[in-house]
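# Understanding the architecture of this molecule
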Amino acid sequence: MRILALVFALLILALQYPMWLGKGGWLQVRELDRQVEAQRQANAELKARNGHAASRRDEDSARPARTLGSQGCFTKRCRALLRATTRA
């Protein structure tokens, strides 16, 4: 009878081993849960950063574009180039 009980105990341990320590076992699932939570936290931080960048982009696009007008240095340079090319 003792031998039969020992055989059943070993059989139960053999069946429990993969569940606790094998591939896809409890320890691996716990580690994967920890990794998933760390990735979710990193994603939340990146979403917040992206939202901030998007709001700054929207603010920048809402501002009217600056015009150089006749006094802008770009306009002065263009006029000088036109004068130089028409003289030559």
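Residues numbered from 1 in each chain as written. Predicted model: local features only at pLDDT ≥ 70, side-chain atom pairs only at ≥ 80, totals over all residues. Heavy atoms only, no water.

A tally of regular secondary structure across the protein gives three helices and zero strands. Buried positions account for 5% of the 88 residues belonging to the protein. Just so you have it, the protein exposes about 8600 Å², and 62% of that area is on carbon and sulfur atoms. (Helix = DSSP H or I, 4+ residues; strand = E, 2+ residues; numbered from the N terminus. Buried < 20%, exposed > 50% of the residue type's maximum accessible area, 1.4 Å probe, protein only. Areas by Shrake-Rupley, 256 points an atom, 1.4 Å probe, with all protein chains shown as cover.)

Moving on: the confidence of the model for the protein. For the protein, per-residue confidence averages 81 on the pLDDT scale, and residues scoring 70 or more make up 81% of the total. Mean pLDDT across the elements of the protein bottoms out in helix α3 (residues 73–87) (74) and peaks in helix α1 (residues 2–20) (90). (pLDDT = per-residue confidence, 0-100.)

Before going further, it helps to spend a moment on a nonpolar patch on the surface. On the surface, a cluster of nonpolar side chains totalling about 660 Å² of accessible area is made up of Y17, M19, W20, L21, W26 and L27. Contributing elements (two or more residues each) for the nonpolar patch: α1 and α2 (26–62). Broken down by element, the nonpolar patch gets its largest block of residues, three residues, from α1. The residue W20 is located in helix α1 in this model. We classify W20 as partly exposed; its relative accessible area is 41%. (Patch = residues over 30% accessible without salt bridge, like charges linked within 9 Å, V, L, I, M, F, W, Y side chains within 5 Å. Salt bridge = Lys/Arg side-chain N within 4 Å of Asp/Glu carboxyl O.)

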